[in-house]
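Remarks on the overall topology
Each chain is listed here by its residues.
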Amino acid sequence: MRTWQVRDVMTTDVASVREGTAYREIVDVLTGRRVTAAPVVDGARRVLGVVSEADLMYKVELSGQPRERHLRPDRHRREARAKAGATLAADLMTAPPVTVTPDATLVEAARLMDSRAVKRLPVVDDLGRLVGIVTRGDLLKVHLRPDADIRRDVVDEVLRRTLGVRDGVVDVTVHGGVVTLTGQLERWSTVHLALRLTRQVSGVVEVVDALGYAVDDAPNSALRLGGGMPAGIA
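Presented here is a report on the structure given in the accompanying data block. None of these values were measured; they are calculated from a predicted model.

Topic: the layout of surface pockets
To find leftover empty space, one rolls a probe the size of a water molecule over the atoms. In this structure, the largest pocket encloses a volume near 710 Å³. Surrounding the largest pocket, 23 residues form its lining, Ser52, Asp55, Thr94, Ala117 and Val118 being those nearest its centre. Elements with a minimum of two residues in the lining of the largest pocket: strand S3 (47-52), helix H3 (53-62), helix H4 (75-84) and strand S4 (120-124). Looking at which element gives the most residues to the lining of the largest pocket, the answer is H4, with five residues.

Pasting the structure below:
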């Protein structure tokens, strides 16, 4: 079963700037390319940081404002003031960068974005050189997969190849990325595995369980809540 990777959805034509790129040039790059951020790279295309609209907005927000006196200004306030007075990408960028490799899964990329509270990830090779960029919107592209492609993966990869289920035993329907599995399998453990693997198929939004089983081989089955009902038990 093929799992989608960052390389499948990333943008390879990346708008980037150098450390010495001036503020106005950065604005020109972002507006000209209609992007909200650009990786900052060195001469070898190694990613040093990311400069975003948020970094540039401090100059607009704090321009002409008197410097407020604080006994212990917090880190954010200090960084905002520093960026408001900066003129080069090296001083405006957020560093170190949060990056990802092309072979990372979309799940791994999404979790990294969430844990580090970023909206985009520069994609780098083994030497840290820029090869692409992936955004939140790019990660959502997996859910644009046609229903027919999703169904084929569930039938061919999950049921036939992995679980060895004969054709016709389980009916698979897919609508809008929602997969419904209907039929009767021998064991609860096979049903459980079928549902889990189906949820991992790229593009699946939800899995509807309409499967039954003949043998309840679940651990602590007497205490287990939910799941299908063994055949013949009302």
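Alright, that's what it looks like, and here's the rest.
Notes on helix H2 (residues 23-33)
For H2, the complete set of buried residues consists of Tyr23, Ile26 and Leu30. The buried residues of H2 occupy an angular sector of 60 degrees when the element is viewed end-on, so they sit on one face. Exposed and facing more than 90 degrees away from the buried side of H2 are Arg24, Thr31 and Gly32. The first or second residue beyond H2 is Arg34, which carries a positive phi of 55 degrees.

Points about the sheet that holds strand S6 (residues 170-175)
Taken together, three strands build an open sheet; the order of strands is S6-S7-S8 and the sheet is mixed. Every other strand in the sheet has two partners, leaving S6 and strand S8 (206-215) as the edge strands with one partner each. Adjacent strand axes in the sheet meet at a mean angle of 10 degrees, parallel and antiparallel pairs treated alike. Each of S6 and strand S7 (178-187) touches helix H8 (residues 147-162); the most contacted strand, S6, lies at about 155 degrees to it. The strands touched by helix H9 (residues 188-199) are S7 and S8; relative to S8, the strand with the most contacts, the crossing angle is about 165 degrees.

Quick word on helix H6 (residues 106-116)
Since one α-helical turn is 3.6 residues long, residues separated by three or four positions face the same way. Taken as a whole, H6 has its buried residues at Leu106, Ala109 and Met113. What you see down the axis of H6 is that its buried residues fit within an arc of 65 degrees, all on one side. Among the exposed residues of H6, those oriented more than 90 degrees off its buried face are Arg111, Asp114 and Ser115. Tucked into the core, H6 has its buried residues touching helix H1 (6-9), S4, strand S5 (130-135) and helix H7 (136-139). Ala117 lies just past H6 and shows a positive phi near 55 degrees.

Cut-offs applied
Residues numbered from 1 in each chain as written. Predicted model: local features only at pLDDT ≥ 70, side-chain atom pairs only at ≥ 80, totals over all residues. Heavy atoms only, no water. 1 Å grid on protein atoms, 1.4 Å probe; cavity = no way out; pocket = protein on both sides within 12 Å on 5 of 7 lines; lining within 4 Å. Points joined across faces, edges and corners; volume = space filled by probe spheres on them. Helix = DSSP H or I, 4+ residues; strand = E, 2+ residues; numbered from the N terminus. Buried < 20%, exposed > 50% of the residue type's maximum accessible area, 1.4 Å probe, protein only. Arc of directions from axis to C-beta. Pairing = 2+ DSSP bridges. Axes fitted to C-alpha atoms, helices over the stretch in contact; angles between N-to-C directions. Contact = heavy atoms within 4.5 Å.

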